[in-house]
Each structure stands twice: as structure tokens, then as C-alpha cells.
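Chain and residue survey
Residue strings, one per chain:
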Amino acid sequence: MSKGCTFYFVRHGETYLNLYRRMQGWSNIQLTEKGSEDVRRSGKGLANVKFDAVYTSDLNRTIETAGIILEENKAADELTIQAMPEFREVFFGSFEGLSVDEVWASINEVMGYPTVGDLWSKATVPEQMNATKKADPYHHAENYIEFWTRIEKGLIELIEKHRDTGDTVLVVAHGNTIRYMLNGLVPELIDPQPLLNASVSKVSYHNGFYHLESYNQVDHFLDL
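Let me sum up the structure you'll find in this document. Model, not experiment: these values are computed from the prediction. (Residues numbered from 1 in each chain as written. Predicted model: local features only at pLDDT ≥ 70, side-chain atom pairs only at ≥ 80, totals over all residues. Heavy atoms only, no water.)

Here we look at the nonpolar core
Here is the rule: What we call a nonpolar core is a set of buried Ala, Val, Leu, Ile, Met, Phe, Trp, Tyr and Cys residues that are connected through their side-chain atoms within 4.5 Å. To sort residues, take the accessible area from a 1.4 Å probe on protein chains only and compare it with the maximum for the residue type: under 20% means buried, over 50% means exposed, and anything in between is partly exposed. By the criteria applied, helices consist of DSSP H or I runs no shorter than four residues and strands consist of E runs no shorter than two, each listed in order from the N terminus. Residues count as neighbours in contact if any of their non-hydrogen atoms are within 4.5 Å of one another.
Within the largest apolar cluster, 43 residues are counted, with the highest numbers of intra-cluster contacts made by Phe 7, Phe 9, Met 181, Leu 182 and Tyr 210. For this core, the element with the most residues is helix 7 (residues 144-162), which contributes seven residues. For Met 181, the contacting residues outside a window of four places in its chain are Phe 9, Phe 87, Trp 148, Ile 151, Leu 155 and Asn 176. One finds Tyr 8, Ala 66, Ala 76 and Val 172 within the second-largest nonpolar core, a separate group that totals 19 residues.

Structure representation (C-alpha cells):
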């Protein structure tokens, strides 16, 4: 039987743009004090998990988050963080740093739903991303194909390295990156909700198939 491998996908801790409700894709913003504390609480809850490798995006907030998790881990002395640009957040183009509410209103003008709430509940992820690119005055925002091509390249690299090893792999990335990726990979994950900061989503991989073991988990958080 295949040993497969297991992925722990962790969203980074709260940043200042999260706090201010600003669009945050490739913007390189540090964690807030609460963000760091929540990551440490998450790390304490993962302290006994023996990771065989650690990957992040190349943005500071994921590297900082991974560093805190490894500080709390009891078997991480030999681990080195490997930063990969493939696991960056969705790029929002000229919308980066702008008000979340104002940007989604602009996207909805393109899509034509009665409300932004209707857009979120009725439009697919690819439709939303393609509309974001169209709504961006510079059209620099990533559409779905651009995003998926980038993410898939990184994922294939991890699978080729860890498949059938039995490895447990920590991947610290971003809310939309993890959610959209799992939505495309895991058949049983239908209409996944946005991820909480420092949450854990656990996925096993065997014989070419992904199986969801947990999603958006925060009940492992321990008090400081």
C-alpha cells in the first residue's frame, strides 16, 4: 500500500491589512501583535506534530508565521523553511491595499448581481477571479487560469518530492490560495468558507487522490 503523504496547510496570522479590511495579495505586510499571538497558539497546538519539511510563500507574513510555528514545535530543530513564490496569495493588481468593500462593489459592477452577497453565494471562484481582472483598471489582477497555473506548478513540485514517502509536510500560505487550491483538489470540499487566520487544513494524498481530514481548524489553539 502507498505510504502517501500528509499536508498541513496553515493560513498566516492576522496582518495590518487584514485588520484594516484592505485587499492583500502580493502586498508584503507584517503580522499584528494579535496575529503573532494566534500563530503561537496554533503552533502550541501543533507542537507534537513531527514535520518532515516546511514550505511557505515568499511573502513575509507566511515566513514569519512558519517561524513562530517551528519555535513551538518539539521536533523542528533540523527543519529549514523553503519559500516558494508559487504559493503566494492571489494578485489583486491595482486593487492591492484598497478597501475590501469598495473593491468587491467594483467587481460586482462587472458581474451584475443585485448585491455583493449574491455574487459571493452564486458566482463560482473562476467567475469571481475573472471578473476581478476585468474590473481592475490595469487588468493586472490574476484571473483563474493565471492563478491556477502558478499554484499547480508549486503543488506538483511538492507531490513529486513527497509522494509515497509517508512525510508530513507543513505548508504556510494564504487564505484564498489554500481555499481555492483545496476547492480544486478535494472532491468532498464543496463551497468552502473563507479561512481563519492561523487555521489548519489537513489533507492526505494517496495514489493520486486528495482526501480532506480537516478544514479551517482552530480548536487546537492553546492558551499562551
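Thoughts on the pairing of strand 5 (residues 200-206)
Heads up, the rule is: By the convention used here, strands pair only if DSSP detects at least 2 bridges between them.
For strand 5, the buried fraction is high: five of the seven residues fall into the buried class. Strand direction decides the pairing type here: strand 1 (residues 5-11) and strand 5, joined by six bridges, are antiparallel. Within strand 5, the residue paired with Tyr 8 across the bridge is Lys 202. Note that strand 5 and strand 6 (residues 209-217) share six bridges and pair antiparallel. What sits directly across from His 206, in strand 6, is Phe 209.

Here we look at the pattern of salt bridges
Just so we agree on the cut-off: Here a salt bridge means any side-chain nitrogen of Lys or Arg lying within 4 Å of a carboxyl oxygen belonging to Asp or Glu.
If you walk through the whole model with that rule in mind, you get eleven salt bridges. Among the ionic pairs, Arg 88 bridges to Asp 58, the shortest N-O distance being 2.7 Å. Remark: Asp 58 occurs in the loop between strand 2 (53-56) and helix 3 (60-72) and Arg 88 occurs in the loop between strand 3 (81-83) and helix 4 (100-111); sequence separation between them is 30 residues.

Thoughts on the pairing of strand 1
Here is the key point about a regular strand: its side chains alternate between the two faces of the sheet. The buried fraction of strand 1 amounts to seven of the seven residues, a majority that puts the element mostly inside the structure. Here strand 1 shows two buried faces, one formed by Cys 5, Phe 7, Phe 9 and Arg 11 and the other by Thr 6, Tyr 8 and Val 10. The pairing of strand 1 with strand 4 (residues 168-173) spans six bridges and is classified as parallel. Residue Phe 7 lies in a different strand from strand 4, and its bridge partner there is Val 169.

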